[in-house]
Amino acid sequence: MCSSDLDRAYCVAVDSRDGSIVVGGAYSGTVDFDPGAGVQSRTSVGSFDAFMAKFGGDGTFQWVGTVGSNRASTYGNSEALEYIQGIDIDASGTIYATGMFNGAATVSFGNATASLSAAGPQNTCILQVGGTGTLGWAKQFTSTFLNAGLGINVMPSGRLAV
């Protein structure tokens, strides 16, 4: 996984059921997320777009989803920045992720999309994604101040701690 620009992995989670690996972070430019012979390219729409990608326990590519905006926040940020900074997987294989976004961002997983709209410079996003890469939902915490989801944990009760 690399581009001619900057790629960063901020978090990783391992599914205890099958050993698959989910990686989250940010990328800029065009990235091929498939480490094998296949091509799964994505091009960032902003300065940095968020990504979440799943790989089999043997490293084979399974899927990738992104969060991106093409405009900076109206609150003074000069760049469109989105990051995934925390991932956890529940006992059934459902994936939860958190990070940050600014401006009007589009969440894209497979054929499903959702829209997020920041109220401040950067706001928190929370995503629920099925083990096969299907977007369950995308939520946001917004404020007129900077906030970002830096980590997420699925509690035994099924509740989320961000």
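Rules of the game
- Residues numbered from 1 in each chain as written.
- Predicted model: local features only at pLDDT ≥ 70, side-chain atom pairs only at ≥ 80, totals over all residues.
- Heavy atoms only, no water.
- pLDDT = per-residue confidence, 0-100.
- Helix = DSSP H or I, 4+ residues; strand = E, 2+ residues; numbered from the N terminus.
- Pairing = 2+ DSSP bridges.
- Axes fitted to C-alpha atoms, helices over the stretch in contact; angles between N-to-C directions.
- Salt bridge = Lys/Arg side-chain N within 4 Å of Asp/Glu carboxyl O.
- Buried < 20%, exposed > 50% of the residue type's maximum accessible area, 1.4 Å probe, protein only.
- Core = buried A, V, L, I, M, F, W, Y, C linked by side-chain atoms within 4.5 Å.
- Contact = heavy atoms within 4.5 Å.
- Lys, Arg positive; Asp, Glu negative; His and termini not counted.
- Polar contact = N/O pair within 3.5 Å; in protein donor to acceptor, adjacent residues only side chain to side chain.

Trainee: Honestly, the confidence of the model for the protein chain in this entry has me stumped. Any pointers?
Mentor: Atom-level detail of predicted coordinates should not be read off regions where pLDDT is low. Taken as a whole, the protein chain shows an average pLDDT of 89; of its residues, 91% reach a score of 70 or greater. Highest mean pLDDT in the protein chain belongs to strand 6 (residues 49–55) (97); lowest belongs to strand 1 (residues 2–3) (55).

Trainee: What should I look at first to understand the sheet that holds strand 7 (residues 61–68) in this one?
Mentor: Think of a sheet as strands paired side by side through backbone hydrogen bonds, with each pair either parallel or antiparallel. The six strands are arranged 2-3-6-7-10-11 in an open sheet whose pairing can be described as antiparallel. The sheet is open, and its two borders are formed by strand 2 (7–14) and strand 11 (112–117), each paired with just one other strand. Strand-to-strand, the axes of this sheet are offset by a mean angle of 20°, without reference to chain direction. Relative to strand 7, strand 6 is paired through six bridges, and the arrangement is antiparallel.

Trainee: What is the right way to read the pattern of salt bridges from this model?
Mentor: Any two side chains of opposite charge can pair, so long as their charged atoms come close to each other. A complete count under the given rule lists one salt bridge for this structure. A salt bridge links Asp-15 to Arg-17; the shortest N-O distance between them is 2.9 Å. With a relative accessible area of 3%, Asp-15 lands in the buried category.

Trainee: How do you make sense of the sheet that holds strand 9 (residues 95–101) when you look at a structure like this?
Mentor: The sheet built from four strands is open, its strands ordered 8-9-12-13 with antiparallel pairing. Each having just a single partner strand, strand 8 (83–89) and strand 13 (135–141) make up the two edges of the open sheet. Looking at each pair of strands side by side, their axes are set apart by 20° on average, direction ignored. Where strand 8 and strand 9 come together, six bridges link them in antiparallel fashion.

Trainee: Explain the nonpolar core to me, please; I cannot follow it from the model alone.
Mentor: Across soluble globular proteins, nonpolar side chains show a tendency to be buried alongside one another. Core analysis: the biggest nonpolar cluster contains 23 residues, and Met-52, Ile-87, Val-107, Phe-109 and Leu-127 have the highest contact counts within it. Counting residues per element, the ones that place at least two in this core are strand 2, strand 6, strand 7, strand 8, strand 9, strand 10 (104–109), strand 11 and strand 12 (123–129). If we ignore the near neighbours within four places in the chain, the residues touching Val-107 are Thr-66, Val-67, Ala-112, Thr-113, Ala-114, Leu-116, Leu-127, Leu-135 and Ala-138.

Trainee: Whenever I open this one, the side chain of Asp-90 confuses me. Can you help?
Mentor: Structurally, the position occupied by Asp-90 is in the loop between strand 8 and strand 9. Arg-17 provides the closest opposite charge to the buried, salt-bridge-free Asp-90, at an N-O distance of 6.5 Å. Of note is the side chain of Asp-90, whose polar atom sits 2.9 Å from the side chain of Ser-92. Aside from chain neighbours lying at most four places away, what touches Asp-90 is Tyr-96 and Val-154.

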